[in-house]
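Tertiary structure, described
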Amino acid sequence: MPGRRRFSDELRSRVLRAMLSYAIFRLESAVTIAMTIVLVFLLPTPFPWWRWWYWLILGGVAEALIIYTSLTDPETGAQVVAAMFREEFNPRRIRSPRFRERVEKALEYQQRIEAAVRQRRGVLRDHLRDTTRQITDWIAAIYHLAQRLDTYTRDKIVKRDLKSLPSEIENLKKRLAVEDDEAVREQLRETVARKEQQLAYLRRLENTMEKAEFQLEATLTALGTVYSQMLLLGAKDAESPRTRRLQEDIAEQIASLQDIAEAMDEVYQGTEIQIGGEREHE
């Protein structure tokens, strides 16, 4: 949890920096700065009582208003956040169309949730900001799970071995049944045992990946449900059990994704060790 919190806070800091950058470099800001400079040099004293540095004050106030409106505008904020998320969790890095589509769907939900939160006001908005931090962790977990599944589906070695190992084991057992030399029989038994263990790892990996894909689909459905629930929240729900239950549901979904991701990593690493050991022995 602390690691996920640090990641969420870091991403939020980057979003804030991106929004500040957007506010400073937007067209209105550039025009304000340019006009201030022009007026200081070309029209320093339009009135006898005017001082040239008054233009700097007016320009500074105008620039501050532009920055403030940029940071508080719900639509602008949602657009900047969406761009940041698409940079951090770029669906194009996922080559499998079906997993890339799921990441796209998750990012769409995130964008809509962010926009919904920014349109809220007062205490409810403050409470929902904690929820959007959890959504950041949720999107990250979905993305990393999709990456793992994408890697697995493109792993030709795993697919090849799943297909070939059963027949290899069967052939070795047939040879063992007719072999007379005890040293050769011992070697065959060791080979059969290694291949059976490798096949067991691969089948466990296959089952884990199937569970992960179901989990990914279920969590996307849950994300859509959260979005619907957030739309229904009103000001009176700011500190209600309904809001707390929503945050608990999100935390539960994140934990489930983390658990399945850890299980995938554990099985995948074990499978790689088995495959690597088998190759070394051969």
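Fair warning: this is a prediction, and the values are worked out from it, not measured in the lab.

1. Here we look at the overall build of the chain
The number of helices and strands found in the chain is nine helices and zero strands. Here the chain, with 282 residues, has 40% of them falling under the buried criterion. In the chain, the share of contacts with a sequence separation of at least 24, taken over all contacts with a separation of at least 6, comes to 79%. Total accessible area on the chain is roughly 16,300 Å²; 56% of this is exposed by carbon and sulfur atoms.

2. Digging into the packing of helix H5 (residues 97-119) against helix H8 (residues 182-232)
Across the interface, H5 lies against H8 with an axial gap of 10 Å and an inter-helix angle of 20 degrees. One finds that H5 runs roughly parallel with respect to H8. With respect to the hand of their crossing, H5 and H8 are arranged in left-handed fashion. Between H5 and H8, the residues in contact are Arg98, Phe99, Arg102, Lys105, Ala106, Tyr109, Arg112, Ile113, Ala116 and Val117 and Glu213, Leu216, Glu217, Leu220, Leu223, Gly224, Val226, Tyr227, Met230 and Leu231, respectively. Here the residues of the contact of H5 with H8 are counted per class, giving 13 nonpolar, one polar and six charged.

3. Let's talk about H8
If you check H8, its first and last C-alpha atoms are 75 Å apart, about what 51 residues at 1.5 Å a residue would give, namely 75 Å. For H8, the side-chain oxygen to backbone nitrogen distance between the N-cap and Ala183 is 2.9 Å, and the N-cap itself is Asp181.

4. Concerning the environment of Ile254
In this structure, Ile254 sits in helix H9 (residues 241-281). When the C-alpha positions of Ile254 and Ala141 are compared, they lie 6.8 Å apart, and in sequence the two are 113 residues distant.

5. Things to note about the confidence of the model for the chain
The predicted coordinates of low-pLDDT regions are not to be read in fine detail. Mean pLDDT over the chain: 79, with 79% of residues reaching 70 or higher. Looking across the chain, the model is least confident in helix H1 (residues 2-25), with a mean pLDDT of 66, and most confident in helix H7 (residues 156-178), with 91.

What counts and what doesn't
- Residues numbered from 1 in each chain as written.
- Predicted model: local features only at pLDDT ≥ 70, side-chain atom pairs only at ≥ 80, totals over all residues.
- Heavy atoms only, no water.
- Helix = DSSP H or I, 4+ residues; strand = E, 2+ residues; numbered from the N terminus.
- Buried < 20%, exposed > 50% of the residue type's maximum accessible area, 1.4 Å probe, protein only.
- Contact = heavy atoms within 4.5 Å.
- Areas by Shrake-Rupley, 256 points an atom, 1.4 Å probe, with all protein chains shown as cover.
- Axes fitted to C-alpha atoms, helices over the stretch in contact; angles between N-to-C directions.
- Parallel < 35°, antiparallel > 145°, perpendicular 65-115°, else oblique.
- Left-handed = near helix turned anticlockwise from the far one by under 90°.
- Nonpolar A, V, L, I, M, F, W, Y, C, P; charged D, E, K, R; others polar.
- Expected span 1.5 Å × (residues − 1).
- Polar contact = N/O pair within 3.5 Å; in protein donor to acceptor, adjacent residues only side chain to side chain.
- pLDDT = per-residue confidence, 0-100.

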